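Notes for the structure review
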Amino acid sequence: MADLPVGGVIDVPLAQTGEGIAECELLKWFVQEGEEVEEFQPLCEVQSDKATIEITSRYKGKVSKVLHVPGNIVKVGEALLRMVIDENASILPSVEAAQDLVAQDSKINELDIADSVLKKEKIRGVLSTPAVRNFAKQLGVTIEDVLGTGHDGRILREDILNYAARKGILKASSEILIEDSSAKNFLGDQTSPNVSSAYVWEFEDRSLPLRGFHRAMAKSMTLAAKIPHFQYVEEVNCDALLDLRASFQNEMSDLGIKFTFLPLLVKSLSMALSKYPLLNSCFNEESQEVLLKGSHNIGIAMATAHGLVVPNIKKVQSLSIVEITKELSRLQELALSNKLSSDDVSGGTITISNIGSIGGKFGSPLVNVPEVSIIALGRIQKIPLFDEDGNLCPASIMMINISSDHRVLDGATVARFCNEWKRFIEKPELLMLQMR
Ligand code: CAO
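The structure reproduced in this document is the subject of the present report. Just so it is clear, the model here is predicted, and its values are computed rather than measured.

Analysis parameters
Residues numbered from 1 in each chain as written. Predicted model: local features only at pLDDT ≥ 70, side-chain atom pairs only at ≥ 80, totals over all residues. Heavy atoms only, no water. Core = buried A, V, L, I, M, F, W, Y, C linked by side-chain atoms within 4.5 Å. Buried < 20%, exposed > 50% of the residue type's maximum accessible area, 1.4 Å probe, protein only. Helix = DSSP H or I, 4+ residues; strand = E, 2+ residues; numbered from the N terminus. Contact = heavy atoms within 4.5 Å. Near = heavy atom within 4 Å. Polar contact = N/O pair within 3.5 Å; in protein donor to acceptor, adjacent residues only side chain to side chain. Areas by Shrake-Rupley, 256 points an atom, 1.4 Å probe, with all protein chains shown as cover. Nonpolar A, V, L, I, M, F, W, Y, C, P; charged D, E, K, R; others polar. Phe/Tyr/Trp six-rings, centres within 6.5 Å; stacked < 30°, edge-to-face > 60°. Lys NZ or Arg CZ within 6 Å of the ring centre and 35° of its normal. Pairing = 2+ DSSP bridges. Salt bridge = Lys/Arg side-chain N within 4 Å of Asp/Glu carboxyl O.

**A word on the nonpolar core**
By size, the foremost hydrophobic cluster in this structure holds 46 residues, and its most contacted members are Leu 269, Leu 279, Ile 298, Ile 300, Leu 377, Phe 417 and Trp 421. Among the secondary structure elements, those contributing two or more residues to this core are strand S9 (229–237), helix H8 (261–275), strand S12 (298–300), helix H9 (321–336), strand S16 (350–353), strand S17 (373–377), strand S19 (392–405) and helix H11 (411–426). By residue number, the principal contributor to this core is H8, which donates seven residues. In this view, Ile 298 contacts Val 266, Leu 269, Ser 270, Leu 273, Pro 311, Asn 312, Ile 313, Val 316, Ile 350 and Ile 352; residues no more than four positions away in its chain are not counted.

See below:
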């Protein structure tokens, strides 16, 4: 470790925020120049490819200069701010020391960060300002039901907006966020290009720097496009799924959960994966090895105002449908407020993109590297079909498109897997035979 100045000026670097993370976007400052700072006091919030992370101070001292503005991309090891440190300060790592730390302790650091983020996420409470409470009241939202994403679990205005949008009390939160002037600060001045609010009547060219998850998507899709893919498309009859969902809604209303089709699809997917583990694998190009993953960590693509993010539901093979529903809801809430932890978005083994919840017959996505399969679900649509006796009858049909890494999977394996999954979706009672 380099010599440490005591009672002097020190540049505080951006330490490693997770394995393989080279840079982060500075989202916001919690401190300003001239402010006295305690050890462990939050300094700023940054966003990596994987998660939003609060950076806390290792020092007691005074901020003499902030070196970046929100929106800047800061490299790991680069100075974030300058501080005049307290005479009695203990250990004060320098930039070089932080970089050493990066090399040696990235794994530990990542776990620490994931842990601290998780701890923060677990804090549920009714910490909020009167204005936010009033806002919740106006919308008819019970504030106790809302997960606070502010400091120490504080419930913010955008938490209320996201919750209301998710529960269908309001239109999509992203639309409101853009319209809402206080929320403009939340998203930054830069309106996300994939979020529409009103019609735009300005015809000047504009340059939009890629930030946050959008930047990560650009990187990961460029990588994925190099992989030889093949697509397998199938139609699935969802009549039984619709009945089952209606039955869950009616019979289990006391659970206070909104059931959608997705948890049923996720559970039946896991069941089919148990028979075809090759679809739940990762490919290591360097060693030319396929790693069959023991857990079914099923990723769900979520388009948010902050970009596309894919949190995953861990160990689906051992979760009940109620547990999957609750976990999906937790992940969706955190995704909308940009508060997913790196644990939530790491370790996925296969991905579902339910594009049909927005619209469209089918999509043809690219795999989420190093996974080898991604499944796009189209919109469930009622169409006329001939039954076995040749009579026309209505059926709720959904197109599924399985995109796979052709270096690992062949068409026959995917077709067999799809037949199995389709059987579970069309006759969900079969799930009971195998469920543990
Ligand atoms: N076809 C028809 N209806 C569908 C559907 C589908 N494929 N998927 C969902 N729905 C319905 C739901 O049942 C629900 O209906 P009700 O309001 O009548 O109950 C409604 O659409 C809204 O569902 P939802 O989106 O809130 O919930 P979900 O569990 O189905 O999906 C989530 C959760 C997080 C995947 C979803 O909210 C979301 O973000 N979807 C966007 C998908 C996306 O961004 N894909 C990425 C594309 S780029 O790879």
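**Let's talk about the environment of Ile 257**
Structurally, Ile 257 can be placed in the loop between helix H7 (239–251) and H8. For the pair Ile 257 and Lys 326, spaced 69 residues apart in the sequence, the C-alpha separation amounts to 7.4 Å. Those residues in contact with Ile 257 that sit more than four places away from it in its chain are Gln 249, Val 322, Thr 325 and Lys 326.

**What about the site of the ligand?**
Around the ligand, 21 residues are found, and the nearest of them are Arg 245, Thr 260, Gln 332, Asn 354 and Ile 380. Ile 380 is positioned such that a nitrogen or oxygen atom in its backbone is 2.9 Å from a nitrogen atom of the ligand. When the free accessible area of the ligand is taken as 950 Å², the share hidden by the protein chains comes to 75%. Mapped by element, the contributors of at least two residues to the shell around the ligand are H8, strand S13 (302–304) and H9. Its residues placed into classes, the shell around the ligand shows 11 nonpolar, seven polar and three charged.

**Observations regarding the packing of aromatic side chains**
Across all of its chains, the model carries three aromatic pairs by this definition. Taking the centre distance of 5.2 Å and the plane angle of 50° together, the rings of Phe 248 and Phe 259 count as tilted. One end of the pair, Phe 248, is in helix H7; the other, Phe 259, is in the loop between H7 and H8, and 11 residues separate them in sequence. Between Arg 245 and the ring centre of Phe 261, over which it is positioned, the NZ or CZ distance is 5.0 Å.

**Re the sheet that holds strand S8 (residues 79–85)**
On the basis of which strands lie adjacent, the open sheet formed by four strands has the order S1-S8-S6-S3 and antiparallel pairing. Strands at the two margins of the open sheet, each flanked by one partner only, are strand S1 (9–13) and strand S3 (36–37). Here S3 runs beside strand S6 (residues 61–66); their pairing, made up of two bridges, is antiparallel. Paired with Val 37 across the two strands is Gly 61, which belongs to S6.

**Topic: the pattern of salt bridges**
Where charged atoms of side chains with opposite charge meet at close range, the side chains can pair. Tallied over the entire structure, the rule returns 14 salt bridges. Measuring nitrogen to oxygen at the nearest pair gives 3.4 Å for the salt bridge that ties Lys 275 to Glu 420. Taken as a pair, Lys 275 in helix H8 and Glu 420 in helix H11 lie far apart in primary sequence, 145 residues in all. Look at Glu 420 and you get buried, because its relative accessible area is 9%. As a salt-bridge pair, Arg 407 and Glu 285 come within 3.5 Å of each other at their nearest N and O atoms. Separated by 122 residues along the polypeptide, Arg 407 in the loop between S19 and H11 and Glu 285 in the loop between strand S10 (281–284) and strand S11 (289–292) bring together distant segments of the chain. Glu 285 gets classed as exposed once you look at its relative accessible area, which sits at 54%. One network of salt bridges, in which partners are shared, links Glu 23, Lys 75 and Arg 215.

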